[in-house]
Amino acid sequence: MVCGQMESLVREGRVVELRRRLCSRMTFGTAGLRAEMGAGFACINDLTVIQSTQGMYKYLAKYVPDLKTRGLVVGFDTRAQTSSGCTSERNNDESGISVESFFHLFAFQPYAVMKYGAAAGVMITASHNRKEDNGYKVYWHNGAQISSPHDKEILRCIEESSEPWPESWNEDLVESSLLRRDPLEDVSRWYMEELNTICFHRELNAMSPLKFVHSSFHGVGHNYVQRAFQQFGFPPPIPVPEQKDPDPDFSTVRCPNPEEGESVLELSLRLAEREEARIVVATDPDADRLAVAEQNDNCGWKVFTGNELAALLGWWMLFNWKEAHPDPADTERVYMLATTVSSKILKAFACIEGFHFEETLPGFKWIGNRIHELKKTGKEVIFSFEESIGFLCGNMVLDKDGVSTAAVVAEMAAYLHTKNLSLKQQLINIYEIYGYHISRTCYVICNDPPTIHKIFSRLRNFGGPSVYPESCGDYCITHIRDVTTGYDSSQPDKKCVLPLSRNSQMVTFTFQNGIVATLRTSGTEPKIKCYTEFCAAPGERDISSLEEDLRKVTAALVEEFLEPDKNNLLRRSV
């Protein structure tokens, strides 16, 4: 079927499309290799998965002496494409060729890598991307997604291993291998038992009158969220029947990304209203992200942003940590982490409460590897997040985890209910103590990489060669950080503290009025994202004024710096 795609393109004379597919190769972004399913080296297909696996095996054989005894953990989600014959399950089998592998359909890949002491892990998934896409996510033996230099070295090995090995096309090889094991039940049991480390009020949970609805967005999350709730002492949440089972067409949603908000949560919200359930939780197709909505009394639904949920979850994890560790000296070893485009609310917590807060580059691979380093020095990371609804409560895995977070949200809601508080009311309480943090996120769609390069090149030479903008709209810019080039005007040596990220575009502007804004390319989709946040001091309550300034800055950034009309960009808000 893939060959047929190429033959059609040649027959139709579509040279530009042929060049796009054949003259470049996928690279590791914020979540591994990710692209549309189809023919060509720039796409996910049988050949590129085989090449990727051969390259990874070559790299692991060089640097992991006991690879043959440690093996790999390989998993897959629900994706498939009829026109190309690509499926996550089929690509999963191709990923197991020539290596010892454990595999099945499950959502906690990094956890399995750590529990088995595996050399590495591979997950065939495109997470929340459109149905036409798929991906190849790689975990190192520490259980975190690979970062530099492993990603670059694996890509080099892939290029050196482009010719498929003789047995690579044998689809029965994995099934007949004596090295194959299916660890799903064992891993599931261990994972559910270890959830006890982040469950603090099981008896209260068992008595709670609250009801919850869960959507798995046609992905793999249903069974695991059901079990996680039971592990916390709750009855299983009410599933959305139309979205409960895996479906590669994601037939009831226009986009399988719960971050898109109320429009894609329609079935969940209507079911919750019928069942008189106050809280909706929705995991994305591979169950690593979580969206949450709460019914307000006669006022519709509040769908929380990733930054708002992080404020609630960060408060909750700190609250329970302090309950268990009353000695203030213990706080010295506590850390919370967030990606640099996420809200600074955890930084505000840290300034008042005395624990440590650190930022990383976008992508949970940076958070996971930083947690690993901190754990080696005796530190404890109790909460981490990225604004795109990716959360990790505790540190039992080194990647975002929608399954455990769903249960934690339920417990937090049940506890607050005993205090006659909703999640929304508690969020306001948090802002009253630590300062309002108001954020906006929007993006433009751009399918043309040269246009993206032109946009960011213009920013870097806005007022002349290597002269960045000094203002945007009516607002003065005081500092600029460009992690693509390593420039930071706020540092004495003008060099970034964060690592360079040459494979993506990201520029951050700090304005005189306190707004921080970042423009960056997505690591998983053809988007330029715009993140803006106003961090108010505790006690500042003129919220409408803050929101108006934030709206104006966000609009000016998009219009003046991205020029959507001139560059044929499609605007979207989140």
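Residues numbered from 1 in each chain as written. Predicted model: local features only at pLDDT ≥ 70, side-chain atom pairs only at ≥ 80, totals over all residues. Heavy atoms only, no water.

For the protein chain, an unreviewed UniProt entry supplies the name Phosphoglucomutase 2-like 1 and the organism Cyprinus carpio. The UniProt entry for the protein chain carries this comment under Sequence similarities (unreviewed entry): "Belongs to the phosphohexose mutase family." (UniProt positions renumbered as here; feature names shortened; annotations may be inferred.)

I tried to follow the pairing of strand 6 (residues 120-124) on my own but got confused; where do I start?
Along any regular strand, the residues point their side chains to alternate faces of the sheet. The buried fraction of strand 6 amounts to five of the five residues, a majority that puts the element mostly inside the structure. Burial along strand 6 is two-sided: the face carrying Ala120, Val122 and Ile124 and the face carrying Gly121 and Met123 are both buried. Relative to strand 6, strand 2 (residues 72-76) runs parallel, the two being bridged by five bridges. Paired with glycine 75 across the strands is methionine 123, a residue of strand 6. Note: strand 6 against strand 7 (residues 133-140), five bridges, orientation antiparallel. Counterpart to methionine 123 in the pairing with strand 7 is lysine 137. (Buried < 20%, exposed > 50% of the residue type's maximum accessible area, 1.4 Å probe, protein only. Helix = DSSP H or I, 4+ residues; strand = E, 2+ residues; numbered from the N terminus. Pairing = 2+ DSSP bridges.)

Any chance you could explain the packing of aromatic side chains here in plain terms?
Tallied over the entire structure, the rule returns 19 aromatic pairs. Each ring, one from phenylalanine 509 and one from phenylalanine 561, has its centre 5.3 Å from the other, and the planes form 40°; the classification is tilted. One end of the pair, phenylalanine 509, is in strand 21 (residues 506-511); the other, phenylalanine 561, is in helix 19 (residues 543-562), and 52 residues separate them in sequence. Clustering of aromatic rings is evident, with ring pairs tying together Trp315, Trp316, Phe319 and Tyr415. The ring of tyrosine 443 carries the charged tip of lysine 527 above its face, separated from the ring centre by 3.9 Å. (Phe/Tyr/Trp six-rings, centres within 6.5 Å; stacked < 30°, edge-to-face > 60°. Lys NZ or Arg CZ within 6 Å of the ring centre and 35° of its normal.)

I'm lost on the pattern of salt bridges in this one. Help?
Considering all chains together, one arrives at 34 salt bridges under this definition. Note that lysine 322 is salt-bridged to glutamate 353, the shortest N-O span being 2.9 Å. Of the two residues, lysine 322 sits in helix 13 (residues 306-324) while glutamate 353 sits in helix 14 (residues 345-353), which places them 31 residues apart along the sequence. On the basis of relative accessible area, lysine 322 is assigned to the partly exposed category, the value being 39%. Taking the relative accessible area as the measure of exposure, glutamate 353 reaches 24% and is therefore partly exposed. Three or more residues joined by partner-sharing salt bridges are found here, namely Glu17, Arg20, Arg21 and Glu36. (Salt bridge = Lys/Arg side-chain N within 4 Å of Asp/Glu carboxyl O.)

What should I look at first to understand helix 13 in this one?
The periodicity of an α-helix, 3.6 residues per turn, causes residues three or four positions apart to be oriented the same way. In a regular helix each residue adds 1.5 Å, so 19 residues correspond to 27 Å; helix 13 covers 27 Å between its end C-alpha atoms and thus fits that length. Among the 19 residues that make up helix 13, 15 are buried, leaving the element largely enclosed by the rest of the structure. (Expected span 1.5 Å × (residues − 1).)

Please explain the UniProt feature "domain: Alpha-D-phosphohexomutase alpha/beta/alpha" (unreviewed entry) in the protein chain as it appears in this structure.
Here, UniProt's "domain: Alpha-D-phosphohexomutase alpha/beta/alpha" (unreviewed entry) annotation points to residues 26-81, 111-163, 191-295 and 306-425. In the segment residues 111-163, helix accounts for 32% and strand for 25%; the C-alpha atoms at its two ends are 32 Å apart. Between the C-alpha atoms that bound residues 306-425 there is a distance of 17 Å. The span itself is 51% helix and 18% strand.

Looking at this model, I keep getting lost on the packing of helix 13 against helix 17 (residues 423-434). Mind explaining?
Any two packed helices are characterised by the angle at which their axes cross and by the distance between the axes. Remark: helix 13 packs on helix 17, axes separated minimally by 10 Å, with the N-to-C direction vectors making an angle of 80°. Between helix 13 and helix 17, the interaxial angle falls into the category roughly perpendicular. Between helix 13, through Glu308, Ala311, Leu312 and Trp315, and helix 17, the contact on the second element is made entirely by Leu423, Gln426, Leu427, Ile430 and Tyr431. In the contact of helix 13 with helix 17, the residues fall into seven nonpolar, one polar and one charged. (Axes fitted to C-alpha atoms, helices over the stretch in contact; angles between N-to-C directions. Parallel < 35°, antiparallel > 145°, perpendicular 65-115°, else oblique. Contact = heavy atoms within 4.5 Å. Nonpolar A, V, L, I, M, F, W, Y, C, P; charged D, E, K, R; others polar.)

Would you take a moment to explain the nonpolar core for this structure?
For soluble globular proteins, nonpolar side chains are generally found buried alongside one another. If you look at the biggest cluster of nonpolar residues, it comprises 133 residues, and the most contacted ones within it are Val292, Leu346, Phe383, Leu423, Phe509, Phe511 and Leu557. By residue number, the principal contributor to this core is helix 16 (residues 402-418), which donates eleven residues. Setting aside its immediate chain neighbours within four residues, leucine 423 contacts Arg278, Ile279, Val292, Glu294, Phe304, Leu312, Met412, Ala413 and Leu416. Ile44, Tyr136, Leu155 and Ile158 belong to the second-largest nonpolar core, a separate cluster that totals 28 residues. (Core = buried A, V, L, I, M, F, W, Y, C linked by side-chain atoms within 4.5 Å.)

How should the environment of valine 64 be read in this particular structure?
Within the element layout of this structure, valine 64 appears in the loop between helix 3 (46-63) and helix 4 (67-70). For the pair formed by valine 64 and valine 253, sequence separation is 189 residues and the distance between their alpha carbons is 43 Å.

Is there a simple way to explain helix 11 (residues 222-231) in this structure?
Inspection of helix 11 places His222, Tyr224, Val225, Gln226, Ala228 and Phe229 among the buried residues, and these make up the whole buried set. In the segment just after helix 11, glycine 233 is the residue with positive phi, at about 95°.

Where do I start with the sheet that holds strand 15 (residues 380-386) in this structure?
Across the sheet, four strands lie side by side as 14-13-15-16; this open sheet has mixed pairing. The two strands at the open ends of the sheet, each matched to only one other strand, are strand 14 (356-360) and strand 16 (390-393). Adjacent strand axes in the sheet meet at a mean angle of 15° when their direction is disregarded. By the bridge criterion, five bridges tie strand 13 (residues 334-339) to strand 15 in an arrangement that is parallel. Residue pairing for strand 15: methionine 336 is matched across the bridge by phenylalanine 383. Packed onto the sheet, helix 14 meets strand 13, strand 14 and strand 15 and runs at close to 155° relative to strand 14.

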